Amino acid sequence: MKISGKFILKNVGNESMLLPVNNDFMSVKNIITLNETSLEIYTLLKDGLNEEEIVERMLKDYNVDKEVLKKDVSDVIERFISLGVLDV
């Protein structure tokens, strides 16, 4: 899976957002706001890491159960796919 190229990452104030590269940015519903975790997952995907590698990398930084983290990463990736952020 890879980043689709349909969105660009922009930081606006303290928020990170994925904005569509086409004219859909005029509609607020097409803007995706990322929290700290989803931003990190997006960045790691953009760097070419797969889901398992992302989990292993994030385990080094967060004090969390591995199974909980795997579910969270999987949920974010599934959401990215459904929104068109990722191509599979």
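Being a predicted model, the structure only gives us computed values, none of them experimental.

Cut-off values and rules
- Residues numbered from 1 in each chain as written.
- Predicted model: local features only at pLDDT ≥ 70, side-chain atom pairs only at ≥ 80, totals over all residues.
- Heavy atoms only, no water.
- Phe/Tyr/Trp six-rings, centres within 6.5 Å; stacked < 30°, edge-to-face > 60°.
- Helix = DSSP H or I, 4+ residues; strand = E, 2+ residues; numbered from the N terminus.
- Buried < 20%, exposed > 50% of the residue type's maximum accessible area, 1.4 Å probe, protein only.
- Pairing = 2+ DSSP bridges.
- Axes fitted to C-alpha atoms, helices over the stretch in contact; angles between N-to-C directions.
- Parallel < 35°, antiparallel > 145°, perpendicular 65-115°, else oblique.
- Left-handed = near helix turned anticlockwise from the far one by under 90°.
- Contact = heavy atoms within 4.5 Å.

## Comments concerning the packing of aromatic side chains
Scanning all chains against the criterion turns up 1 aromatic pair. Plain terms: the ring middles of tyrosine 42 and phenylalanine 80 are 6.1 Å apart, the flat faces sit at 85 degrees to each other, and that makes the pair edge-to-face. With tyrosine 42 in helix H1 (residues 36-46) and phenylalanine 80 in helix H3 (residues 66-83), this residue pair connects regions lying 38 residues apart in the sequence. With respect to class, tyrosine 42 is no different from phenylalanine 80; both count as buried.

## Regarding the pairing of strand S2 (residues 7-12)
Two strands pair when backbone bridges link them, and S2 and strand S3 (residues 15-20) are joined in this way by 6 bridges, in the antiparallel orientation. When the bridges of S3 are listed, isoleucine 8 appears paired with leucine 19. Two successive antiparallel strands, S2 and S3, enclose a turn made up of 2 residues, where glycine 13 displays a positive phi of approximately 65 degrees.

## What about the packing of H1 against helix H2 (residues 51-61)?
Two elements in contact, H1 and H2, have axes whose closest approach is 11 Å; the angle formed by their N-to-C orientations is 135 degrees. In terms of orientation, H1 lies oblique with respect to H2. Judged by the twist between their axes, the crossing of H1 over H2 is right-handed. On H2, the residues that touch Thr37, Glu40, Ile41, Leu44 and Leu45 of H1 are Ile54, Arg57, Met58 and Asp61.

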